[in-house]
Amino acid sequence: MSSMTSKDVTWLISGITCQKCVKLITEALEEFEGVEQVLVSKELSTASARLKSGYEETDQLVAAIEVLVNGKFKATEVDPKPVTIKVDIDVVVEEEQLIKQIKTHIGIQEAVVDYAPTPLVEVTFNSLTLEEEQVKGIVKENVEKLETEEPQLKTTTIRIQGMTCNSCVKNIEKSVQTKLGIELIKVDLEAGSAVVTYNSNLTAPDLIVADVQDVNPAKFSASVGVSSRTCYLDISGLMGEDCEQKVGSRIKALPGVYSCEVSFVRKNVRIDFDPNVIKESDLCDVINSYSDTKYQAKLVNTPKDALVKVDIEERDDLEYSKCYLHVSGMTCASCVAAIEKHVSRIDGVKSVLVALIAAKAEIDFAPKLVQPHEVAESITELGFPTTVIQKALEGEVDVNISGMTCSSCVHLIESSLIKIPGVDSAVVALNTTKGKVKFNSSKLGPRDVVEAINKLGFIATLATSSDRANYLDHREEIRKWRNSFLISLIFGLPCMLIMTYFMVEMAQTDHHHSDDCCFMNIPGLSLENTLLFLLSTPVQFIGGKHFYIQAWAAVKHGTTNMDVLIVLATTISYVYSCCVVVASMAMQEDTSPMTFFDTPPMLLVFISLGRWLEHIAKAKTSDALAKLMSLKATEALLVTLGSEGQVVTEKTISVDLVQRKDILKVVPGAKVPVDGLVIDGESTCDESLITGESMPVRKVKECPVIGGSINQNGVLLVQATHVGEDTALCQIVRLVEEAQTSKAPIQQLADKIAGYFVPIVCGCSSLTLIVWVIIGYTNNSYLPVSPMEREGFNSAEITWQFAFRMALTVLAIACPCSLGLATPTAVMVGTGVGASNGILIKGAEPLENAHKVSAVVFDKTGTITHGVPSVARVCLLEEGYNSVGRSLATLLAIAASSESSSEHPLATAIVKFSKAVLGAEQVTGKVGDFQAVPGCGLKARVSCVGSMVEQGLGGEGLGKYVSWREKGGVEGEMELCGAQVDCSVTRQGQFLPLARGDSLINLQEDERVTVEQDITYNVLFGNREWMARNGIEIWGQLESKMVREEEMGRTAVVLAVEGRVMMVLGVADTVKPEASLTVYTLKKAGLEVILLTGDNKKTAAAIARQCGISRVYAEVLPSHKVAKIKHLQEKGHKVAMVGDGVNDSPALAQADIGIAIGSGTDVAVEAADVVLIRNDLLDVVGCLDLSKKTVRRIWCNFLFASVYNLVGIPVAAGVFSPWNFKLQPWMGSAAMALSSVSVVVSSLCLKLYKKPVRANLETVEYLKAMQAMSELDTVSMHDGKEDFGVSFRKSVSKSLLRFGIETTPSPKKGRLLAEDDESDDGAIKTSRM
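Residues numbered from 1 in each chain as written. Predicted model: local features only at pLDDT ≥ 70, side-chain atom pairs only at ≥ 80, totals over all residues. Heavy atoms only, no water.

So, the overall build of the protein
Point 1. Helices and strands together make up the secondary structure of the protein, namely 42 helices and 53 strands.
Point 2. Counting all 1329 residues of the protein, 51% fall into the buried class.
Point 3. For the protein, long-range pairs separated by at least 24 residues make up 70% of all intrachain contacts whose partners lie at least 6 apart in sequence.
Point 4. A total accessible area of about 60700 Å² is found for the protein, and carbon and sulfur atoms account for 55% of it. (Helix = DSSP H or I, 4+ residues; strand = E, 2+ residues; numbered from the N terminus. Buried < 20%, exposed > 50% of the residue type's maximum accessible area, 1.4 Å probe, protein only. Contact = heavy atoms within 4.5 Å. Areas by Shrake-Rupley, 256 points an atom, 1.4 Å probe, with all protein chains shown as cover.)

Below, the structure is given as structure tokens:
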């Protein structure tokens, strides 16, 4: 017994079968107030309870036991059976404390410390309650407990049976980790055990066993302290799955064997066993002794802690990725070998490479089977703490590709690359001559990609940052085509003159073809053909060199492109002309045949000119990006500061060498080198090219600066925060580059068409030739050939000459280039224009899809609102008769001084507002006896505010206020530093003593009392409750002002000075000034606007009224935002989500168009498709408008290119020649060149785009609507925690905002919003009073 005031009672319990029974009985007995301790033993089938003195209701305890599990247990009270044992201990100083602690345990009857011959404790205990080992444990535990005052953490091993997978491991760890006293638990699936670190004062191993079994009693069984070991046996004779089952069942039946895993593939078996029951050698002997088998088992020489390496064959159905792990704790090559062996056995791991010096592991794994964090956890359990450095991204490489001429080249490169094993995607942009290839880095590398492109006949090089300027200005391509054009022109212009001369000569009535023949007395050769041959030959093989190279590369790889058409047209015309002249000479004819020597020079002149102009125009499409890149500074002025902040040294360095936290000096007129914070100085910076903000931005201490902006007047000292590729400018350039490289869905269609375009054109050309030959041989008179052209030629010659001319014209006029350039040039200009206007669009697809948006969903905090509290309204209650400005200045100085000692966000807003009105940089008032009560307000004594008051009176803000008040500004409101000032209930009369030696003014103007300069004010600042506690009355008009603020979702804060209420401030997260105009414009365009916020309904409704949103979902969890976006999309709507925070990022990713506010979090910006750099909601309108204009331009280009080819090819084929409308080959080439140039010029027209600005959007209609803001309107409010189960249609409210302006949505767009009061239980109607 532990004391004379309590007693132990023991019952024999029948029916205890498991730890669950133990737990049930324990919990049943512990519910009685008279029971101090309970101990139930499954092994002894007993239950013991220590009862408080005077508690004799043992019958109730028996009844509580026997009622459990429908009477399963029977309890019989028995007398104790004392047993005495001796337990050796270390020497202890506090013997009495040790004895006292031991006797507090139930079942311990007596304990005595003895030192004969060695220190020991003699313990008498009830053997029906405790076992000998438990008593020894109690003694040992209490001895250790005396040695330290801290709780003793112990570790025990729990044997667990029934686990089958990692899910079991996670379930057990997750459940047990939450139990009382558990510090750490690590479960090993392979060993079938758990190592648990626990607080022995709070729990015990048997309770931990019960906790484990409680996770899934039907599956898991657990026991304490059973040792285990794993061994591996090689077994010969295994022939199949039947052998697996037979051997496995026999081994599992052996005593001491926990589990075994047999593999006939590896011819081995893994056995977990109890080494105290059976040995490894016994296992081999038992297997070998089976008389009915031919199995031969041999123990593998494997250390007990090592694992066997299994070579995993690479499966074709699995995709492998690469990850890198940081492994600490490795000391030698043995550690490396152990880790590699361990990891190689993990299912899904293909290969592992561990570097000792780098403390790094490279893993090839199958994501379907295992994840990097699971591998890291497995190595950590092995004893080497491991973390995932990074999941190795799929390889990605940017390449510069020269030699592309049209969309067929793009299609060839993309289709060829995608066929290479390991290449995941390939995107090639013709207008930027760049490609982006994503590949599996474990299968190939960048060199393989470059070589594959080079084999196609193009020249590919890896892109570097230094290449940007080259591809942006197309310098190399412009030079190449300019030279090609000049060469062709040198020889082509004489060709044109010669052809014109002889055409005029042949038009003479007395002219005969025989007159031009026999040049140099050579029959069949004329002077015209001789000159044309001499001039066309250099053009054909020198000017056309580039075309031949590209055409041969395409044909060699079984494809075609624009160059093939050009080479076919020029080569056929040149070879045909040579052949007919040679044939005429051989046949000694007296006339020279009609030739097409003029076609190659003329065709190549126009095509070279077109390519030259095209690349010049392409360079113009990159102007916006080139301007952004030109902003990057090349040098920085690095300074070091002394102890007092003075500049000690200055050094000019390359901007690439700037590091974070470097101090840089920026002189007037210089570019800010990198992103940073101003630590000293004052200036203004021009950020127009980066943010689109036209006005210079003032920079003072603690203001951020953007790298690339231009410092205008003062000297700034800037501390670098983002350098290198992390600067805002570099990020913008990267996003714009990626956007211009990406492809819009319509462009993918154009590229696909271009892949089949050339073969179709060749077919049309051949068909044209065949049809006209048939017509000529059938009835030569049907050929639309003039008499002049017929003179001197027979019908066969006329037929073939005309047919060839028409076929060559078809080849010359067809142009896949215009199709290929229609989309990318418009996308490039559109994204560039967007970037210059502060709208970053991440790719062609968002740019194309934005105009399809039918619903815009806004987040509230930081998107519709500023995201931080600010003063929205000031209601002035008292002021002096002739000291209007000084009265307000004094109150604001008192407010700022008293709140400056508080850390509450509302206090920060009040201080900020007061400083802004007074023009003060610091609060100089003194505060004493400061007392703040959370949730109520503060009390303080404020003095020394005179200097702040005088500074405020000399400022612009208070000057405007005084002027307004002097003009009778009482009924209305005026804006002061972003807040509305309300003087409708202001009382003039006796005011407070004013600072700076002013007078105390009362109702009699002639009575003035001079007061001291340093006045102390007793201030109360807080809510209604705080005023009531301090005896301040809230009268009717004051109450109405506070209610108005609260209805608008603001917090009404009352300022009382010297026991009188002086001012009420409405503080809230205010709506951005452009929010209502943005919502109005979107609604007028037929779009639905929804507010989705996690804030409460009252605040959400107030914000919605202010900005004109009629549908609100409040109290929405971040995870539910995604569900609501999905619901809108399921209704067939294209949804744009506008947000700024981490909690918005899932919704931004889910939406069709995610629009992130540039001042938001990095996560939100990363998840979005569009980033608004300027943090201006009107840019949402600009984004949608730019998308609409760009897509319209794309379709115009696409339509023009399609119509050109659909009309041009029939015209060139001679379909309209019976009406004397036909083209020469050179005319076709001129038209082809013109088509490409016209498409690019059409895209350049987008550079004239002007973003919608406030001045344009604030129409007379909008201003009238703003004047009608006081009209009653309805906001439909929904609980975000409920299902999104409302039908979507327009609000029955006839207003766009709440202004009484109607709009009619497009009939093609579904209805989004519903106003069904009867069915919508979650909606509440709130009205603006």
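Resuming the write-up.
Quick look at the confidence of the model for the protein
Point 1. When the pLDDT values of the protein are averaged, the result is 75; 76% of them are 70 or greater.
Point 2. The weakest mean pLDDT in the protein belongs to strand 53 (residues 1324-1327) at 36; the strongest belongs to strand 26 (residues 663-666) at 92.
Point 3. Here residues 997-1012 is a poorly scored stretch, pLDDT under 50, and it has 33 contacts once near neighbours within four places are set aside; other chains count.
Point 4. In this model, residues 1283-1329 is a region of pLDDT below 50 whose contacts with residues beyond four sequence positions or in other chains number 136 contacts. (pLDDT = per-residue confidence, 0-100.)

Here's the deal with the nonpolar core
Point 1. Ranked by internal contacts, the top residues of the largest apolar core, which has 44 residues, are Val856, Phe858, Ile864 and Leu1082.
Point 2. Per-element tally for this core: the top contributor is helix 39 (residues 1178-1212), with 6 residues.
Point 3. Discounting chain neighbours no more than four positions away, the residues touching Phe858 are Thr863, Ile864, Thr1078, Leu1082, Val1089, Ile1090, Leu1091, Leu1092, Val1138 and Leu1177.
Point 4. In terms of nonpolar packing, the next biggest core, distinct from the first, is built from 42 residues, Val871, Ala895, Leu918 and Val1067 among them. (Core = buried A, V, L, I, M, F, W, Y, C linked by side-chain atoms within 4.5 Å.)

A look at the pairing of strand 25 (residues 647-654)
Point 1. Of the pairings in the sheet, the one linking strand 24 (residues 635-641) to strand 25 comprises 7 bridges and is antiparallel in character. In the strand pairing of strand 25, Leu637 is matched with Thr652.
Point 2. Taking the residues between adjacent antiparallel strands as the criterion, strand 24 and strand 25 are bridged by 5 residues, where Gly645 takes a positive phi near 85°. (Pairing = 2+ DSSP bridges.)

Let's talk about helix 35 (residues 1097-1107)
Point 1. Of all 11 residues in helix 35, 8 are buried; the element is thus mostly enclosed.
Point 2. Every buried residue of helix 35 is accounted for by Thr1099, Ala1100, Ala1101, Ala1102, Ile1103, Ala1104, Arg1105 and Cys1107.
Point 3. Among the residues trailing helix 35, Gly1108 stands out with phi positive, at a value near 90°.

Focus: the packing of aromatic side chains
Point 1. Applying the stated criterion across every chain, the model contains 5 aromatic pairs.
Point 2. When the centroid spacing of 5.6 Å and the interplanar angle of 90° are considered together, the rings of Phe541 and Tyr574 count as edge-to-face. A residue pair is termed long-range when its members are at least 10 positions apart, and Phe541 in helix 15 (residues 527-543) and Tyr574 in helix 17 (residues 562-586) qualify at 33 residues.
Point 3. On the basis of relative accessible area, Tyr574 is assigned to the buried category, the value being 9%.
Point 4. Ring centres 4.9 Å apart and planes at 90° place the aromatic pair Trp772 and Phe802 in the edge-to-face group. Pair noted here: Trp772 is in helix 22 (residues 745-778) and Phe802 is in helix 24 (residues 795-813), with a separation of 30 residues, a long-range link.
Point 5. Put simply, the rings of Phe533, Phe541, Tyr548 and Tyr574 touch in pairs and so form one group of aromatic residues. (Phe/Tyr/Trp six-rings, centres within 6.5 Å; stacked < 30°, edge-to-face > 60°.)

Details of the packing of helix 5 (residues 166-177) against helix 6 (residues 205-215)
Point 1. Where helix 5 contacts helix 6, the axes come no closer than 9 Å and their chain directions differ by 130°. Judged by the angle between their axes, helix 5 and helix 6 are oblique. Helix 5 and helix 6 meet at a crossing whose hand is right-handed. Along its contact with helix 5, which presents Asn171, Ile172, Ser175 and Val176, the element helix 6 presents Asp211, Val212 and Val215.
Point 2. The class makeup of the residues in the contact of helix 5 with helix 6 is 4 nonpolar, 2 polar and 1 charged. (Axes fitted to C-alpha atoms, helices over the stretch in contact; angles between N-to-C directions. Parallel < 35°, antiparallel > 145°, perpendicular 65-115°, else oblique. Left-handed = near helix turned anticlockwise from the far one by under 90°. Nonpolar A, V, L, I, M, F, W, Y, C, P; charged D, E, K, R; others polar.)

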